[in-house]
Amino acid sequence: MKKTPVFLDSLVTDMLRLRAICPFSWRVFQFRPISCEPLIIQMNKCTDEEQIFDFIERNKAILSEKQVGCAFDMLWKLQKQKTSLLKNVEDVRDHPQFLTLHNLATNKFKLMNDDTLVNVLHITQQFAGESHDPLVEALVTEAWRRLERFDIKLLSEFSSCLADQHLYFSPLMGKIADIVHRNLETTQDLSSLSVLMVNISSLISRHFQQQLVNKTELLFDTTDSSEVNVATRITRFLRNIKYCYQPLLEKCNNVFLSNVDQLDLDSISKILRLYKFLQFNSFEFIMMAKKKLTEMIPLCNHPASFVKLFVTLGPIAGPEEKKQLKSTLLLMSEDLTGEQALAVLRAMEDMESRNSHLIKRVTSVLHKHLDSYKPLELLKITQALTFLHFQRKEFSAKLRELLLSYLKISFIPTEVSFLVYAISLLPSPHLDEVGISRIEAVLPQCDLNNLSSFATSVLRWIQCDHMYLDSITGKQLKLLQKLDHYGRQRLQHSNSLDLLWEELKYVRGNTFPESLLEETIATLQHFVDEINYINVVEIASFISNTDYLSTLLLDRIASVAVQQIEKIHPFTILAIILPFSTLNYDPPQRDEFFGTCVQHLNSYLGILDPLMLVYLGFSLATLQYFPEDLLKSIFNIEFLSRLDSQLESIGVMNGAQQQIYKMLAEVLGGINCVKASVLTPYYHTVDFECILDKRKKPLPYGSHNTALGQLPEMPWEPNTEIVGSRLPPGAERIALEFLDSKSFCRNIPHMKGKFAMKKRHLEILGYRVIQISQFEWNSMALSTKDARMDYLRERIFGEVKS
């Protein structure tokens, strides 16, 4: 047999291969247009969803990955052009041709370029009905595979897709954070960086946080950063990392003030919430927001928009605006949802508004929806109603029942702590054995903030719930001992100030248990050398709130301020000075410390928030330090015109003061010889006042004596027999002040600054000041009425009973 040449065998093989693939090749190339551009042009001419779906149905067999991406893009653009009431996401998602488009994307996503891939992911998430869409999972996985080649803009868009799925703590978000960290030095796109900062903020270190802040500040100065959205995201980032960094906040604030026309109700509401959380004060922004929001009152006629306006404007509104807001809300109150009712209640708490009609309407809505609220929302309801003095047995019983039911199934320490705290605010704050065992179960996992919260709640039970004391006091005391044990354990395991501060910064110093406070101060003293310009403001604020006098810590704060003042922002000077003023303490380098602080602030006095400037002047006055430039800034017409309002506080007598009042009446010879709650010139309030003639005999007042716990309309009104401030020759005016525990430092009987200053001021006004401390009044030596009467006679008349 003749052999076939080798080249013919090869030719036949090639022909057979060609024949095998030929039908597919013809199917692909015969019907696919030479260019995909005409199909995209056709798609771009569609004006509604039905036209796009018709297009998909006609061309589904030949659509490329690029055209699939374009179809998704067109559908989402049409949604964005509609108002919230006209959007029809569900109708689009349920359309049969959307499923076709969905399947096409599933088959073609690996062919998509990076931009199309991320864009389709974003749009699919907006339309997704299922919690776990297979296409979304596939797109995320493919994007993860390509992650290293994404530029910063695409990386920011992909991070937002992950944030929409609440994947803030995922390994993938961690990978994005690592890429940002590696490329931070060369990054110049502040808009994209601000998106990434918000999305990765939950899992980055404190050092990386500071690097991002420094980079943002640099880009703010070197690029066009006038976008409101960019400034808002930067402020959100600072909120997320709980860092009130004044220089950056001021830059953002200037962007907001320069773009007022772009700010609507939603953006103003968001900015004010961020400012409130960060405790950042901008007088100019509040005035602008107040004006703009007031103009919206007649325009908001729907409950949803009006509630948002009420919540945003209410706390900063004037009396007339508040009245208008409340009256309008009363008309809408029956249409409120549970979420809106809660928002209104919290706003009323911020406004300190105890409008009984509105509270009644709002609580009736709350009661209907009470079963649907989450634990944290129940805490907010309890706090607000406690503050607003609302009491209704049926409501409180239902609230308590819900809180206890959540407590029995909760195992997260923070959640357990605020559930217990909420229960402690209710009329019957006791816990049964199940509740106490739930607390004990989470104690090993608790941080100092949780432990402090538990201790506050337990102490409230012991003090308030007298009905159950006999049966559970022992268990409560054992629980306090355990809280103390775990608190000391956490403090002793702290090996750096940074780690310790991560827990302490959430603790309210004024509610910190005494036993833990002493140990905490000792731990802070151990790390005293780690206090620097970065943390000095936070440490100073914490000490101010504790009322605990530690000369070692205060001396270090003063030293840091003197040595590193250029690295400290001027607007934080008040926080640094405050503990010295509050605790009435002069550091060794007193004049240098105060002088350095004031000098650093001098060039900013003209733009400082008016209330902050007043508080600064007050704090320095308590320390008997009166800088000339500061006084000139306060006492001039321009500044006073900026001072929007004046705070006034009216005190109510406590039990000890009422007791002293009655005894003084006996000692002085009658109720008409003593005045209570006297308002003096310069608006100091004196607990009790009496006048002795030159023979040390009490002089009676007129018939219009001030009632117990009330203030006269004007200081030293001519409503007594002794007209005005003029006294008979040789007579003296005596001020008696009762000093409770809040007048002194918590660890030693050292009088706090404002009470020492008040004594100096009253003496300048001509008073002889008698200060009666709680420690002396409640001592064993004054345990009987006769002993106390003799004590008052001695202090007033100089009589000593033989």
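Just so we're clear, the structure is a prediction, and the values are computed from it rather than from any experiment. Sequence order as written defines residue numbering, which begins from 1 separately in each chain. Given that this is a predicted model, residues contribute local features only at a pLDDT of at least 70 and side-chain atom pairs are listed and counted only at 80 or more, while totals for whole chains, interfaces and linings are drawn from all residues. For side-chain calculations, the full set of non-hydrogen atoms in the structure is used, while hydrogens and water are omitted.

### Some words on the overall build of the protein
Then comes step 1: A count of helical and extended segments in the protein gives 39 helices and 4 strands.
Then comes step 2: Burial classes follow relative accessibility: with a 1.4 Å probe on protein chains only, a residue under 20% of its type's maximum area counts as buried, one over 50% as exposed, and anything between as partly exposed. Evaluated residue by residue, the protein yields a buried proportion of 48% over its 802 residues.
Then comes step 3: Within the protein, contacts between residues separated by at least 24 positions form 73% of all contacts whose residues are at least 6 apart in sequence.
Then comes step 4: When the accessible surface of the protein is split by element, carbon and sulfur atoms take 53% of a total near 41,800 Å². In this text, helices come from DSSP runs of H or I with a minimum length of four residues, and strands from runs of E with a minimum of two, each type numbered from the N-terminal end. Contacts between residues were defined by any pair of non-hydrogen atoms, one from each residue, lying within 4.5 Å. Where accessible areas are quoted, they stem from the Shrake-Rupley method and a 1.4 Å probe; at the residue level, only the protein chains shown are allowed to cover.

### Focus: unusual backbone geometry
Note: most peptide bonds trans; most residues except glycine with negative phi.
Then comes step 1: Its identity as a non-glycine residue notwithstanding, histidine 389 has a phi of 60 degrees, on the positive side.
Then comes step 2: The residue histidine 389 is located in the loop between α21 (375-387) and α22 (393-409) in this model.
Then comes step 3: Even without being a glycine, lysine 696 presents a positive backbone phi close to 60 degrees.
Then comes step 4: Along the chain, lysine 696 falls in the loop between β2 (685-692) and β3 (732-739).
Then comes step 5: Under the relative-accessibility criterion, lysine 696 is labelled partly exposed at 42%.

### Some remarks on the pairing of β3
Then comes step 1: Burial runs high along β3: 7 of the 8 residues are buried.
Then comes step 2: Two strands form a pair only when DSSP identifies at least two bridges running between them. One ladder, built from 5 bridges, connects β2 with β3; its direction is antiparallel. The residue of β3 that forms the bridge with isoleucine 691 is arginine 733.
Then comes step 3: Sheet analysis places β3 next to strand β4 (residues 767-773), joined by 7 bridges and oriented parallel. Across the sheet, residue phenylalanine 738 finds its bridge partner in β4, namely isoleucine 772.

### Regarding helix α28 (residues 514-526)
An α-helix turns once every 3.6 residues. As a result, residues three or four positions apart point the same way.
Then comes step 1: Helices are assigned an expected span. That span is 1.5 Å times one less than the residue count. For α28, with 13 residues, the first-to-last C-alpha span of 19 Å sits near the 18 Å given by 1.5 Å per residue.
Then comes step 2: Listing the buried residues of α28 in full gives Leu516, Leu517, Glu519, Thr520, Ile521, Thr523 and Leu524.

### Re helix α16 (residues 283-294)
Then comes step 1: Taking 1.5 Å per residue, 12 residues should reach 16 Å; α16 reaches 16 Å between its end C-alpha atoms and fits that length.
Then comes step 2: If you check which residues of α16 are buried, you get Phe283, Phe285, Met288, Ala289, Lys290, Lys292 and Leu293.

### Structural notes on the sheet that holds β4
Sheets are built from strands that pair by backbone hydrogen bonding, the pairs being arranged parallel or antiparallel.
Then comes step 1: As summarised here, the arrangement of the 4 strands in space is β1-β2-β3-β4, forming an open sheet in which the pairing is mixed. The strands lining the two open edges of the sheet, one partner per strand, are β1 (675-679) and β4. Neighbour to neighbour, the strand axes of the sheet diverge by 40 degrees on average, direction disregarded.
Then comes step 2: Note that β1 and β2 share 4 bridges and pair antiparallel. In the sheet register, leucine 679 faces β2, and the bridge partner there is threonine 685.
Then comes step 3: Across the face of the sheet, helix α37 (residues 753-764) comes into contact with β2, β3 and β4 while running at roughly 155 degrees to β4.
Then comes step 4: The convention used is that axes are lines fitted to C-alpha atoms, helices contributing only their stretch in contact, and that angles between N-to-C directions extend from 0 to 180 degrees. Together, β2, β3 and β4 form the strand contacts of helix α39 (residues 785-797), whose direction differs from that of β4 by roughly 155 degrees.

### Quick notes on the side chain of lysine 290
Then comes step 1: In this fold, lysine 290 is placed in helix α16.
Then comes step 2: With residues up to four places along the chain from it excluded, the contact list for lysine 290 reads Leu313, Ile316, Ala317 and Gly318.

### Some details on the pattern of salt bridges
Then comes step 1: What makes a salt bridge here is a side-chain nitrogen of Lys or Arg within 4 Å of a carboxyl oxygen of Asp or Glu, nothing more. Taken as a whole and judged by the stated rule, the model has 33 salt bridges.
Then comes step 2: Of the charged contacts in the structure, one is a salt bridge between lysine 175 and glutamate 148, with a shortest N-O distance of 2.9 Å. Highlighted residues: lysine 175 in helix α10 (residues 171-183) and glutamate 148 in the loop between α8 (134-146) and α9 (152-164), separated in sequence by 27 residues.
Then comes step 3: Note on lysine 175: relative accessible area 30%, which makes it partly exposed.
Then comes step 4: On the basis of relative accessible area, glutamate 148 is assigned to the partly exposed category, the value being 47%.
Then comes step 5: Between lysine 758 and glutamate 737 there is a salt bridge, with the nearest N and O atoms lying 2.7 Å from each other. Of this pair, lysine 758 sits in helix α37 while glutamate 737 sits in strand β3; the two residues are 21 residues apart in sequence, bridging distant segments of the chain.

### Things to note about the packing of helix α4 (residues 65-80) against helix α7 (residues 114-127)
Then comes step 1: Between α4 and α7, whose axes approach to 10 Å, the crossing angle comes to 45 degrees. As far as their axial angle goes, α7 and α4 are oblique. Taken as a pair, α4 and α7 cross one another with a handedness that is left-handed. Between α4 and α7, the contacting residues are Glu65, Gly69, Phe72, Asp73, Leu75, Trp76 and Gln79 on the first element and Thr116, Asn119, Val120, His122, Ile123, Thr124, Gln126 and Phe127 on the second.
Then comes step 2: Within the contact of α4 with α7, the residues separate by chemical class into 6 nonpolar, 7 polar and 2 charged. For classification purposes, an angle smaller than 35 degrees is called roughly parallel, one larger than 145 roughly antiparallel, one from 65 to 115 roughly perpendicular, and anything else oblique. Here is the rule for handedness: rotate from the far helix to the near one, and if that takes an anticlockwise turn smaller than a right angle the crossing is left-handed, while a clockwise turn gives right-handed. The residue classification treats Ala, Val, Leu, Ile, Met, Phe, Trp, Tyr, Cys and Pro as nonpolar and Asp, Glu, Lys and Arg as charged. All others, Gly included, are polar.

### Examining the packing of aromatic side chains
Then comes step 1: Planes of paired rings set the category: under 30 degrees apart is stacked, over 60 is edge-to-face and the rest tilted, where pairs are Phe, Tyr or Trp rings (Trp by its six-membered ring) whose centres lie within 6.5 Å. Counted under the stated rule, the structure contains 17 aromatic pairs.
Then comes step 2: Ring centres 6.4 Å apart and planes at 20 degrees place the aromatic pair phenylalanine 580 and tyrosine 585 in the stacked group. Accessibility classification places phenylalanine 580 together with tyrosine 585 in one group, the buried group.
Then comes step 3: By way of ring pairs, the aromatic residues Phe580, Tyr585, Phe593, Phe594 and Tyr625 are connected into one cluster.
Then comes step 4: The ring centre of phenylalanine 387 lies 4.9 Å from the NZ or CZ of arginine 354, which sits over that ring. Working rule: Lys NZ or Arg CZ, within 6 Å of ring centre, within 35 degrees of ring normal, means a charge sits over the ring.

### Overview of the nonpolar core
What tends to happen in soluble globular proteins is that the nonpolar side chains get buried as a cluster.
Then comes step 1: Buried Ala, Val, Leu, Ile, Met, Phe, Trp, Tyr and Cys residues that are joined via side-chain atoms within 4.5 Å together make up what is termed a nonpolar core. Judged by nonpolar contacts, the single largest core of 149 residues is most densely connected at Phe158, Ile176, Leu212, Phe310 and Ile381.
Then comes step 2: Those residues within four positions of isoleucine 381 in sequence are excluded, and the remaining contacts are Leu342, Leu345, Leu366, Leu370, Tyr373, Phe395 and Leu399.
Then comes step 3: Counting 55 residues, the second-largest nonpolar core is a separate cluster that includes Leu516, Ile521, Leu553 and Phe571.

### A word on the pairing of β1
Then comes step 1: Burial runs high along β1: 5 of the 5 residues are buried.
Then comes step 2: Between β1 and β2, which pair antiparallel in sequence order, lie 5 residues; one of them, tyrosine 682, sits at a positive phi of approximately 70 degrees.

### Comments concerning a negative patch on the surface
Then comes step 1: Residues Asp48, Glu50, Asp54 and Glu57 make up a contiguous surface patch of negative charge.
Then comes step 2: Looking at where glutamate 57 falls in the secondary structure, it is placed in helix α3 (residues 49-59).
Then comes step 3: Using a relative accessible area of 45% as the deciding quantity, one classes glutamate 57 as partly exposed. Like charges are joined within 9 Å and nonpolar side chains (Val, Leu, Ile, Met, Phe, Trp, Tyr) within 5 Å, but only among residues with over 30% relative accessible area and no salt bridge; these make up the patches. Neither His nor the chain ends is counted toward charge; the positive residues are Lys and Arg and the negative residues Asp and Glu. Charge coordinates come from a single atom per side chain, which is NZ of Lys, CZ of Arg, CG of Asp or CD of Glu.

### Remarks on the environment of tyrosine 486
Then comes step 1: Here tyrosine 486 shows up in helix α26 (residues 469-493).
Then comes step 2: The spatial distance from the C-alpha of tyrosine 486 to the C-alpha of leucine 443 is 7.1 Å, given a sequence separation of 43 residues.
Then comes step 3: If near-sequence neighbours (up to four positions away) are discounted, tyrosine 486 is found in contact with Leu443, Pro444 and Leu451.

### Quick notes on the environment of serine 405
Then comes step 1: Within the secondary structure layout, serine 405 lies in helix α22.
Then comes step 2: Between the C-alpha atoms of serine 405 and proline 375, which are 30 residues apart in sequence, the distance is 9.9 Å.
Then comes step 3: At 2.6 Å, the side chain of serine 405 forms a polar contact with the backbone oxygen of leucine 402. Whenever a nitrogen or oxygen atom comes within 3.5 Å of another N or O atom, the pair is scored as a polar contact, on the condition that within protein one atom can donate a hydrogen and the other can accept it, and that pairs from neighbouring residues in sequence are kept only if both atoms are in side chains.

### Describing the packing of α7 against α9
Then comes step 1: Viewed as axis vectors pointing N to C, α7 and α9 meet at an angle of 25 degrees, and their least axial separation amounts to 10 Å. Put simply, α7 runs roughly parallel to α9. The handedness of the crossing between α7 and α9 is left-handed. Residue-level inspection shows Asp114, Asp115, Val118, Leu121, His122, Gln125 and Gln126 of α7 in contact with α9, the latter providing Leu154, Glu157, Phe158, Cys161 and Asp164.
Then comes step 2: Class assignment of the residues belonging to the contact of α7 with α9 gives a composition of 5 nonpolar, 3 polar and 4 charged.

The values reported here are purely geometric and, on their own, carry no functional implication.
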